[in-house]
Amino acid sequence: MPKLKTRKCAAKRLKETGTGKFRHHKAGARHLKSSKNAKRRRRLRQDGAVKATEMRRIKAALPYGL
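Below or above, wherever it landed, is the structure these notes cover. (Residues numbered from 1 in each chain as written. Predicted model: local features only at pLDDT ≥ 70, side-chain atom pairs only at ≥ 80, totals over all residues. Heavy atoms only, no water.)

**Describing unusual backbone geometry**
Of all residues except glycine, most have a negative phi; of all peptide bonds, most are trans. Look at Leu-32: it is not a glycine, yet its phi comes out positive at around 60°. Assignment of secondary structure puts Leu-32 in the loop between strand S2 (22-24) and helix H2 (38-45). What makes Leu-32 exposed here is its relative accessible area of 60%. (Helix = DSSP H or I, 4+ residues; strand = E, 2+ residues; numbered from the N terminus. Buried < 20%, exposed > 50% of the residue type's maximum accessible area, 1.4 Å probe, protein only.)

Spelled out as structure tokens, the structure:
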């Protein structure tokens, strides 16, 4: 059976934690920051967790992990 290909778009956007969960960069943090309050900008700096409902798609996109 041939090797499975990694989806590079997913590999560049996600990081795997030590426990096997995935983290992603939050949307809305790149520009127009002056209209967002400080608390919101701080929260946008942190990585977001991939939801459990998306994990099946992530595992298929990254068959060998990261």
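**Remarks on the nonpolar core**
Counting eight residues, the largest nonpolar core is built from Ala-10, Leu-14, Phe-22, Val-50, Met-55, Ile-58, Ala-61 and Leu-62. Of all the elements, helix H3 (residues 55-61) adds the most residues to this core, at three residues. When residues no more than four places from it in sequence are discounted, the contact partners of Leu-62 are Thr-6, Arg-7, Ala-10, Ala-11, Leu-14 and Phe-22. (Core = buried A, V, L, I, M, F, W, Y, C linked by side-chain atoms within 4.5 Å. Contact = heavy atoms within 4.5 Å.)

**Remarks on the side chain of Lys-36**
Positionally, Lys-36 belongs in the loop between S2 and H2. Despite being buried, Lys-36 has no salt bridge partner; Asp-47 is the closest side chain of opposite charge, sitting 16 Å away. A polar contact of 3.2 Å, which involves the side chain of Lys-36, links it to the backbone oxygen of His-31. The residues contacting Lys-36, other than those within four sequence positions of it, are Gly-28, His-31, Arg-41 and Leu-44. (Lys, Arg positive; Asp, Glu negative; His and termini not counted. Salt bridge = Lys/Arg side-chain N within 4 Å of Asp/Glu carboxyl O. Polar contact = N/O pair within 3.5 Å; in protein donor to acceptor, adjacent residues only side chain to side chain.)

**Quick word on the sheet that holds S2**
Judged by pairing direction, the sheet is antiparallel, and its three strands sit side by side in the order S1-S2-S3 without closing on themselves. Each edge of the open sheet carries a strand with a single partner, namely strand S1 (14-16) and strand S3 (48-49). For S1 and S2, the ladder comprises three bridges, and the chain directions are antiparallel. Looking across to S2, one finds that Lys-15 is bridged to Arg-23. (Pairing = 2+ DSSP bridges.)

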